[in-house]
Structures are given as C-alpha cells and as structure tokens.
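Descriptive analysis of the structure
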Amino acid sequence: MSKNKITSEEALHYHQDPQPGKFEVVATKPMTTQRDLSLAYSPGVAVPVEAIAENPESAYDYTTKGNTVAVISNGSAILGLGNLGALASKPVMEGKAVLFKRFADVNSIDIELDTQDADEFINAVKLLGPAFGGINLEDIKAPECFIIEQRLKELMDIPVFHDDQHGTAVICAAGLINALHLTGKKIEDCKFVLNGAGAAGIACIELVKAMGAKHDNCIVCDTKGVIYQGRKEGMNQWKSAHAARTDDRTLEEAMKGADVFLGVSAKGAVSPEMVASMNDDPVIFAMANPDPEITPEEAHEVRSDAIVATGRSDYPNQVNNVLGFPYLFRGALDIHARAINDEMKLACAEALAELAREDVPDEVAMAYGRKLHFGRDYIIPTPFDPRLIYRVPPAVALAGMNTGVARKPIVDLEGYEQRLRERMDPTASILSSISARAKAAQARMIFAEGDDARVLRAAVAYQRQGFGKALVVGREAGVKQKLEDAGMGEAYRELEVVNAANTRHLESYTAYLYERLQRKGFDTSDIYRMAARDRHVFSALMLAHGHGDGLVTGVTRKSAHVLHQINRVFPASAEDGAVGVTAVLHKGRVVLVADTLVHEWPDEEDLADIAEAAARVARGIGLEPRVAFASFSTFGYPVSERATKMHMAPQVLDRRGVDFEYDGEMTVDVALNREQMAAYPFCRLSGPANILVVPARHSASISVKLLQEMSGATVIGPILAGVGTQIQICHTGATVSDILHMAAIAACKIG
C-alpha cells in the first residue's frame, strides 16, 4: 500500500475506461482467410485433437495449456474486506491475472466460483484441470483454504498454489535469509515469534521450519494468545501442529528475547516495549496490510539495530507477493510440473535473496531515484528489477527437476535463461521507471488547459498519485464546474487554480514577453492580450519565471499551433534545436520515432541533430540507443534523390564522433527485424533499432498514427526535446493516462 491517496472515482474510472475490465483475449494465429479458419477450427483442428487423445502430454505442444494458469476464488476472504462473495472478487482476480502476464508472461484466466462449500469448490476446480497448466487459489478464508489446497494437490497432476499462504511465506523467507546473513545469526539458533495463525501465518512458520528453524524455538500467537501444547480454545489441526512447549501465554511474554518477529495480523499489534525486549539485532517482519503491526519509525525509535520489513511500498524491504508467484509458476510451467513443492519455494526464496545481495542495475536505481545497496534497508529485491524473470524461474525449474516433479526437464538451462530474457516486456518497466522518477522529483506541474475535463482529471491524478503539485491554468468557476460534471467536485479544494486575470505576476510576464517580441511586429497591447488571454503563452511565462517546474499542454489545440505559441516564450523551433520524439510501445517492444513534431523537411545535418536528441531521450527512459535512418531504400538501393540525405546522415554522425550505434539508410523491416538485418553483415547495429529517424515530419506522423490505429500500439509523445526546459505537448485525442504520462516525462526532465 502507498500513502498516495486513491479515491473511489479514480479507482472506478480505471476499471471502467476505456473499456470495462483489465484484459482481453487476443488471437496468436492469423484469422484472416478461409484457410486460416479451416486450420484453426474445422477440419484442421481435428488433427491435434487426435494427437492429444493418443498422447495427453502433447496438449502442452498444441494448446495454451502449458502457459496458462487459472486464478480461482470464491470471494470468502477478499483482501482485507472479508467474505463479499464470488462476483465481488472478480476485479481482484482479474488484477492477479494481469500481474501474471506483466511480470512473467504467463497467460491467466480468472474464475470465480459461487460456492462457500469446500467440497463443491474442490470438485469444480478438479474438473477444470485439463484446461490449465496450473491453479492459483486466491482470497479463500481459513481454515477452508487449507482443506481445499491439500485435497486439490492430491487430486490434480498440475501445480496448485494458494498464494495468500505461500506467496507471503516465500518472500518472507527470502528477506529472512538476508536478514540473518547481515546479523550473522543461524536460523537453528533463533527464537521466532509469529503473530497471526491464518493462512499466511501458518505457511510462513512451516516454510521457516523447512529452512531449519527448530519447532521448540517457534512460538505462534493468535487473537487468544500463545498457541501452547494443551490449549483447547480456538484450536484446529493446523494450529495444533505448531503448538509449542512454553510457559508464555501472551504475545508480550513471547517477544522477550526473540530474534525474529513475523506478523500477519493487525495494525498496532506490536508495541515499542515489545520490540525493546527482543534480542540484539532483532528482525521484524510486520506484514499486516494496509498498516503494519509496528511501523519502521516506531521500531527504530527503540531499537536502532532492528531490521524491519513491511507489506508497504512506501517503506524499505517490502514483502510483496508479486516477487514470487509469477516466477514460481513460470518455472513450474516451463518444466510441465506436476506440483510446486517446498524445494521449489525455497529455491525461489534463495534466488531472490541472492539477487538482493548483488549490485543493483542502473535501470532499477533510475526507477527509484536512488542507488540501492544490499543492507538493512534493502534485503528484498524490488518488483521492477529486470533480472527477476531470468534469475528466479531457472532456480525454480532446477529444483523441480531435482525433486522429480518435472514432466519435461530443461536440458539447456543457459538457453532457457536467454529465452526468459527475451520474454521481458521493456514497455512496462520503462513506464514504471518514469513514474517512480517523477514521484522522486516532486515537480510543480503546470496544466495549461484547465477548461478540459481530461486535463483536470490528469491534474488530480498527478497530485493524488504523489507526483507533486498540480497547477491548473483556468477560471476558478469553470474548473470547479468541470470537476463537478466529472463526478470529482471534492477535488477542487486540492488543486491550485491559476487565473491569468487575477495573478499578481501578469505585469512582469508582459514585460518579459515584450522584451522578446518587441522587434517582431508586436506592440504592448498585442503582448498584453497574448500574455493574459492565451493559456499556452501564459503557462509558458509561468514556467519561464520559475512559477512551475514543468508544463503540459496541447490537448485542446493542434500541436503546431501550441508549439508556435510556446516558441514566443522559449526557443522551440527547428532552428533552435527542438525535436519531437514519439515512443511507440507494442508487444513488448519500444521504438522511438523522430522527428514527429518540429522539422518539416530536415537535411542531413538536421537528421544528425534529430538522432542525437532521440538518443538522449532513449537514455532518459532507460534504453541504450540504436539509431536507424529509415528510408524506402537500403544501403544505396534503389538509388533515389530522396534517399540521399538518409544515406549521408550517418556520415555526419561519423564526423561528430557520437557515442551510440547508428546506421542507414535502410527500410523499416531491415531496421526492426533481426533476420532481415542479418542479410547485411556489414550493418553496424548490434541488434534491431530502437530509434527510427525518418525523412520528414509527415512520414513520421503517418507512421506513428498508422501503428496506433491499426495495431493498437501505445503511443507516448511526441516528447519535446532540445528546448532547455520541461514542456510536453499532448495530442488532441489524448486520454487521461496519456496526459499523465506526459506530465511524468516532464517531471523526469527527459529530453
């Protein structure tokens, strides 16, 4: 959980727009001709049907079974909301499904079973077995969750995993490995105290014991106190298995001399006095959500030597299940596993712990706005570490092979690791990095078009998501009415509305603008009208005077007009070195297209300037630039006057001695397709280009809009670079998310 405020309206808009829900089903085979349909369905489909009937294992070869997980719940324990039923759990299960895809490229379908009867639930899931490579159980209350999971493991020959139990336990184990490493303690010598004997708590203590903790050194507490041998009240078979021989009866008594506290209970369950009574170098995993049993500040106030982890993203050492379940299933699916066993869970924990001890990549540091180092405030990797996808699944797969649950062992583990690297989706990590850096910057962002509901919603989101202060240019009454019409009337009090008619700075703004434009045909009355009545000019003047840190505009007027108006305040023309770079994100690829905003018909020198600006943008979003000068010809053929400048532009960069890869001229398929590029062994690019410098603005604009409309690509930009200040211009069809992305880019000072 984050401290950033999320309102009901914001959450509902997210789940409703632009279409209800969080994912869709997309065909992976062509479906355009009659022959395609005949192969996909009748009669062609009969061939794999017969093959699977003869050899059931071939279902992994001919269907999506081997990369599909069912996320199943009955809604009996939804988050911290309780038993709200199957249908109410659907948004959560959809969310879990998209996390599988986002972090490990695992296809996932959510299934909500409308029953509270454990036997009915078990039977329904068992019957679904042929369709899936694994089952992820979610949000099922205890003790039924124990019964359901155990019975399904016995009945099914695919992995069955209750993430509420084991996901928390695996990440907790990873953090514990490193906490003990830092303190020099051995697990078999440590005294453990667990508070919370539900699904997650029982799984945590069981995995800790599997790691080597002694039964008699582990004290489990619930709402009635210590679970001791002989206790009768509030017991069940799962609690009884962890009953200890002890005279302690309360959590306070149990905490005395403890080395490790594990909490999956409730806010405030642990007092500073309890922490003070713990052993030297206490390890405190206060994992209750949304608020921990004790905050890191409270714990460190009495014990500066404590290592503290929580379930929250706004504190160091977050115990986040997303570090575990996607990669556990990725490894299990890739060996066609029959189960996920303790050895595989421990392998996952060990791999996570090892990763945290290694040097943290620059892209992770960029995402978090600071360099992370292994230590007391960094014992668990971050969810956006790009190494997770190729480090954790191989460890899980190897453990599965060594313990005999693999139907299809992986022979070439190095090749497997490389394939996992290629599965990584850079688009999500880039957007996450931009978001994290924007939050660290805390920029005062000027939203120039306060009369547009999309802009106002983006401004509210910018502020509520913790990016910084939103300054909205507009008339107070108009802004208030627009927000009320959007169902966000209460947000008016949160925003700072700047009205040109009321600002005390208008005189200085006008004088500044007159100084710039007095020899360009404008008199004082022209300048006053421009400064007071044109929102783009006024907003740019705010930025020029340091009354904001960045500017987002362009939603209500064409970009050429907006750029022209901004150019009255800042040097934002082609002659001044301004460049527009658009990021196109599609199917795990990121390609920057330039120039999409400024240069109408650049020559070879301009093209070289554009390439350099685009390279700066690429590095700003975490890409190592590979520039292709795109044309309809490739390396001199066919010969054409219009391709000449694209042929000459690399020679300009040769003379300049730039520090990034580039080559051209070449067609787009050669630039982006490794196999096509291989036909030209002399090509200087080490891989497919991620920057396309195109011959003219019209071809850049056509290319980007065609990709957006025909393929559904996500388009960010154009990102305005080379202006010397942070101004970003949206397009008139921009969504709230588009505007927010551009504001974050401005805050990050990309370009």
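Residues numbered from 1 in each chain as written. Predicted model: local features only at pLDDT ≥ 70, side-chain atom pairs only at ≥ 80, totals over all residues. Heavy atoms only, no water.

Remarks on the packing of helix H20 (residues 453-464) against helix H31 (residues 736-748)
Close contact between H20 and H31 brings their axes to 9 Å; oriented N to C, the two are set at 50°. In terms of axis orientation, H20 runs oblique to H31. At the point where H20 passes H31, the crossing takes the right-handed sense. When H20 is examined against H31, the residues Arg454, Val455, Arg457, Ala458, Ala461 and Tyr462 are found in contact with a partner set consisting of Val736, Ile739, Leu740, Ala743 and Ala747. Across the contact of H20 with H31, the residue classes break down as nine nonpolar, no polar and two charged. (Axes fitted to C-alpha atoms, helices over the stretch in contact; angles between N-to-C directions. Helix = DSSP H or I, 4+ residues; strand = E, 2+ residues; numbered from the N terminus. Parallel < 35°, antiparallel > 145°, perpendicular 65-115°, else oblique. Left-handed = near helix turned anticlockwise from the far one by under 90°. Contact = heavy atoms within 4.5 Å. Nonpolar A, V, L, I, M, F, W, Y, C, P; charged D, E, K, R; others polar.)

What to know about the UniProt feature "binding site: a divalent metal cation" (unreviewed entry) in the protein chain
Within this structure's numbering, the places UniProt gives as "binding site: a divalent metal cation" (unreviewed entry) are Glu138, Asp139, Asp164 and Asn289. Considering the arrangement of structural elements, one finds Glu138 in the loop between strand E3 (134-137) and helix H7 (144-155). If we skip the residues at most four places from it in the chain, Glu138 touches Val71, Ile72, Ser73, Met93, Lys96, His162, Asp163 and Asp164. Topologically, Asp139 is positioned in the loop between E3 and H7. On the basis of relative accessibility, which here comes to 4%, the residue Asp139 falls in the buried class. Discounting chain neighbours no more than four positions away, the residues touching Asp139 are Ser73, Asn74, Gly75, Ser76, Ala77, Ile78, Leu79, Val92, Met93, His162 and Asp164. For Asp139, the side chain forms a polar contact with the main-chain nitrogen of Leu79, separated by 3.4 Å. (UniProt positions renumbered as here; feature names shortened; annotations may be inferred. Buried < 20%, exposed > 50% of the residue type's maximum accessible area, 1.4 Å probe, protein only. Polar contact = N/O pair within 3.5 Å; in protein donor to acceptor, adjacent residues only side chain to side chain.)

Digging into the nonpolar core
Counting 98 residues, the largest nonpolar core has Ile72, Ile135, Leu137, Phe192, Phe285 and Met344 as its most contacted members. For this core, the element with the most residues is helix H8 (residues 163-183), which contributes ten residues. A domain split of this core shows at least three residues from each of domain 1 (16-25 + 33-158) and domain 2 (163-423). Ignoring any residue separated from it by four or fewer positions in sequence, one finds Phe192 in contact with Leu176, Ile187, Val208, Ala213, Asn217, Cys218, Ile219 and Val260. (Core = buried A, V, L, I, M, F, W, Y, C linked by side-chain atoms within 4.5 Å. Domains from an automatic or database assignment.)

Describing the pattern of salt bridges
In the structure shown here, the tally under the stated rule is 43 salt bridges. The partner of Glu354 in a salt bridge is Arg391, and the shortest N-O contact between them spans 3.5 Å. Within this pair, whereas Glu354 is found in helix H15 (residues 342-357), its partner Arg391 is found in helix H17 (residues 388-402), the two being separated by 37 residues in sequence. For Glu354, a relative accessible area of 38% puts it in the partly exposed group. (Salt bridge = Lys/Arg side-chain N within 4 Å of Asp/Glu carboxyl O.)

As for the domain arrangement of the protein chain
Accessible area lost during the coming together of the parts is what is often quoted as the interface size. With domains assigned, the protein chain is organised as domain 1 (16-25 + 33-158), domain 2 (163-423), domain 3 (434-557) and domain 4 (574-722). Distance between the C-alpha centres of domain 3 and domain 4: 33 Å.

So, the sheet that holds strand E15 (residues 579-586)
Pairing in this open sheet of six strands is mixed, and the strands run E18-E17-E19-E16-E15-E20 from one edge to the other. Bordering the open sheet on either side are strand E18 (661-666) and strand E20 (714-721), each of which pairs with just one other strand. Adjacent strand axes in the sheet meet at a mean angle of 20°, parallel and antiparallel pairs treated alike. The pairing of strand E16 (residues 589-594) with strand E19 (residues 691-693) spans three bridges and is classified as parallel. Looking across to E19, one finds that Leu592 is bridged to Ile691. Helix H26 (residues 604-620) contacts E15, E16, strand E17 (626-630), E19 and E20 of the sheet and is inclined by roughly 160° relative to E19. (Pairing = 2+ DSSP bridges.)

Things to note about the sheet that holds strand E7 (residues 225-226)
For sheets, the rule is that strands pair by backbone hydrogen bonds, running either parallel or antiparallel. Here six strands make up an open sheet; going across it, the order is E7-E6-E5-E8-E9-E10 and the pairing mixed. Lying at the two open borders of the sheet, with one neighbouring strand each, are E7 and strand E10 (307-310). As paired strands, strand E9 (residues 283-286) and E10 are joined by four bridges and run parallel to one another. Bridging from a neighbouring strand, Val283 pairs with Ile307 of E10. Strand contacts of helix H9 (residues 199-210): strand E5 (192-195), strand E6 (218-222) and strand E8 (260-263), with the helix running at about 165° to E5, the strand carrying the most contacts.

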